[in-house]
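One-letter residues, chain by chain:
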Amino acid sequence: MILGIETSCDETAVALLESDGSVRVNLIASQIERHRPFGGVVPEIASREHLQHLFPLVSRALEDAQASWGDVEKIAVTAGPGLIGALLVGVAGAQGLSYALGVPLIAVNHLEGHLYSPYLRREGASIPLPDRFLSLVISGGHSSIYDVRCGKVAMLNRTRDDAIGETFDKVAKFIGLPYPGGPQIERLAANGGIDGRRFPFPMPQFKDDSLDFSYSGIKAAAIRIARQENIRIEGDPKTLADFCATFQEALFAQLFDRLDAVWSRLEPPLPTEVAMAGGVAANGALREKIVAWGGRRGVIIRLPEKVFCTDNAAMIAFAGLQASAVAADPKRVTARSRIA
């Protein structure tokens, strides 16, 4: 089996996978309640929580899988990007285990873990990876589109400022919704109406012909409107629901604007599959929209099971199975807060 370790942000996660991608165990120690009073992730608290939970989770994973240390043939750990203090806990723990067990250690890019996650299944072997697929990774810290060909990953765009999940959280915090804000806005938006005059639909592409995302403008517009119209959680429920529905639709409009633009520039043969991953991929309205988008183009849409949307170690272990580079010396694996 391969042992996966994920500590890039505010989830301590450990998983054990078989060589065919079958998930034996996927454990997550969430820190949401620890960070909720602050309205976002506090890096120092996150690091201390990882220190407290990592090795108890590893022991529990082996116990739940009815496995021994001798069953672990390799280890995959998130080496970046992420919070440097949090990453160091996971990398140092994985290095120690690699030395002790005498098994290879694989450094995994956290974003590559996400982009492979739609091919994981909670039960049974993983879904076979196509020769080429497009992957939309959207979360609290990232908004990017990738072209994946035979295991080689090419980033086609990224966010220039706020990520989509970060934008959800910041606007939610301003109007008084609890952290994390994305699920709260989704819940309220389900009962609201969309007014396209209140936000730019969609944001225009950059003059330099870049296809990058940029959510700072939508965030600023949402906060300005909320301040001017006194939109708060304790205010009129219908006004709040309409605001959330319109704000959410504006975020999604830019996603599909960029996805359409990227798709139109791809060289044939075009991918037969498009995957969407990351915490925001759990949004039900967005999942329906991208399935409809794929249906109009005759493209298979791969969506992660919701347990694999947020940060988890199963996706890190699965990405480790796809990796061709394995560090024989664990000292070669280093934590990096940013990875190009």
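Residues numbered from 1 in each chain as written. Predicted model: local features only at pLDDT ≥ 70, side-chain atom pairs only at ≥ 80, totals over all residues. Heavy atoms only, no water.

Caption draft 1: Spotlight on the overall build of the chain. Regarding its fold elements, the chain presents 10 helices and 10 strands. The globule rule puts the C-alpha radius of gyration for 340 residues at 20 Å, and the 20 Å found for the chain is close to it. Along the three orthogonal principal directions, the C-alpha set of the chain runs to about 60 × 50 × 35 Å. Expressed as a percentage of the 340 residues in the chain, the buried residues total 53%. Once local pairs closer than 6 in sequence are excluded, the contacts in the chain between residues at least 24 apart make up 73%. With an accessible surface of roughly 14800 Å², the chain has 51% of that area assigned to carbon and sulfur atoms. A gap of 4 Å separates the mean positions of the 36 positive and 38 negative side-chain charges of the chain. (Helix = DSSP H or I, 4+ residues; strand = E, 2+ residues; numbered from the N terminus. Rg over C-alpha atoms; globule rule 2.2 N^0.38 Å. Buried < 20%, exposed > 50% of the residue type's maximum accessible area, 1.4 Å probe, protein only. Contact = heavy atoms within 4.5 Å. Areas by Shrake-Rupley, 256 points an atom, 1.4 Å probe, with all protein chains shown as cover. Lys, Arg positive; Asp, Glu negative; His and termini not counted. Charge placed at Lys NZ, Arg CZ, Asp CG, Glu CD.)

Caption draft 2: The sheet that holds strand 8 (residues 152–157), seen in detail. Across the sheet, which stays open at both edges, the 5 strands sit in the order 8-7-6-9-10 with mixed pairing between neighbours. At either margin of the open sheet sits one strand with a lone partner, and together these are strand 8 and strand 10 (300–302). Looking at each pair of strands side by side, their axes are set apart by 25 degrees on average, direction ignored. Here strand 6 (residues 132–138) runs beside strand 7 (residues 143–149); their pairing, made up of 7 bridges, is antiparallel. For R132, the partnering residue across the bridge sits in strand 7 and is R149. (Pairing = 2+ DSSP bridges. Axes fitted to C-alpha atoms, helices over the stretch in contact; angles between N-to-C directions.)

Caption draft 3: Structural detail: the packing of helix 5 (residues 164–174) against helix 7 (residues 216–228). As a packed pair, helix 5 and helix 7 sit with axes 10 Å apart at the nearest point and diverge in direction by 10 degrees. In terms of axis orientation, helix 5 runs roughly parallel to helix 7. Where helix 5 crosses over helix 7, the handedness of that crossing is right-handed. On the side of helix 5, the interface is formed by T167, K170, V171 and F174, while helix 7 contributes K219, A222, I223, A226 and R227. Among the residues forming the contact of helix 5 with helix 7, the class breakdown is 5 nonpolar, 1 polar and 3 charged. (Parallel < 35°, antiparallel > 145°, perpendicular 65-115°, else oblique. Left-handed = near helix turned anticlockwise from the far one by under 90°. Nonpolar A, V, L, I, M, F, W, Y, C, P; charged D, E, K, R; others polar.)

Caption draft 4: Spotlight on the nonpolar core. In this structure, I164, F199, F243, F247 and L255 are the most contacted members of the largest nonpolar core, which totals 49 residues. Here L255 is in contact with L136, I138, I164, F213, Y215 and L286, once residues within four sequence places are set aside. (Core = buried A, V, L, I, M, F, W, Y, C linked by side-chain atoms within 4.5 Å.)

Caption draft 5: Just helix 10 (residues 313–322), in detail. Where burial is concerned, most of helix 10 is hidden: 8 out of the 10 residues are buried. Along helix 10, the residues classified as buried are A313, A314, M315, I316, A317, F318, A319 and G320. Its buried side turned inward, helix 10 meets strand 1 (2–6), strand 2 (11–17), strand 3 (23–30), strand 4 (74–80), strand 5 (105–109) and helix 4 (110–116).

Caption draft 6: Just the pattern of salt bridges, in detail. Tallying each qualifying case throughout the model produces 18 salt bridges. Linking E33 and R36 is a salt bridge whose minimum nitrogen-to-oxygen distance equals 2.5 Å. Looking at R36, the relative accessible area reads 30%, which means it is partly exposed. The salt bridge partner of E166 is K170, with a shortest N-O separation of 2.9 Å. Placement of both E166 and K170 in helix 5 is noted, with a separation of 4 residues, approximately one turn of the helix. When its relative accessible area of 25% is taken as the criterion, E166 is described as partly exposed. For K170, a relative accessible area of 35% gives the class partly exposed. The network of salt bridges with common partners includes D162, E166, K170 and K219. (Salt bridge = Lys/Arg side-chain N within 4 Å of Asp/Glu carboxyl O.)

In short, the description is geometric, and any link to function would need to be established separately.
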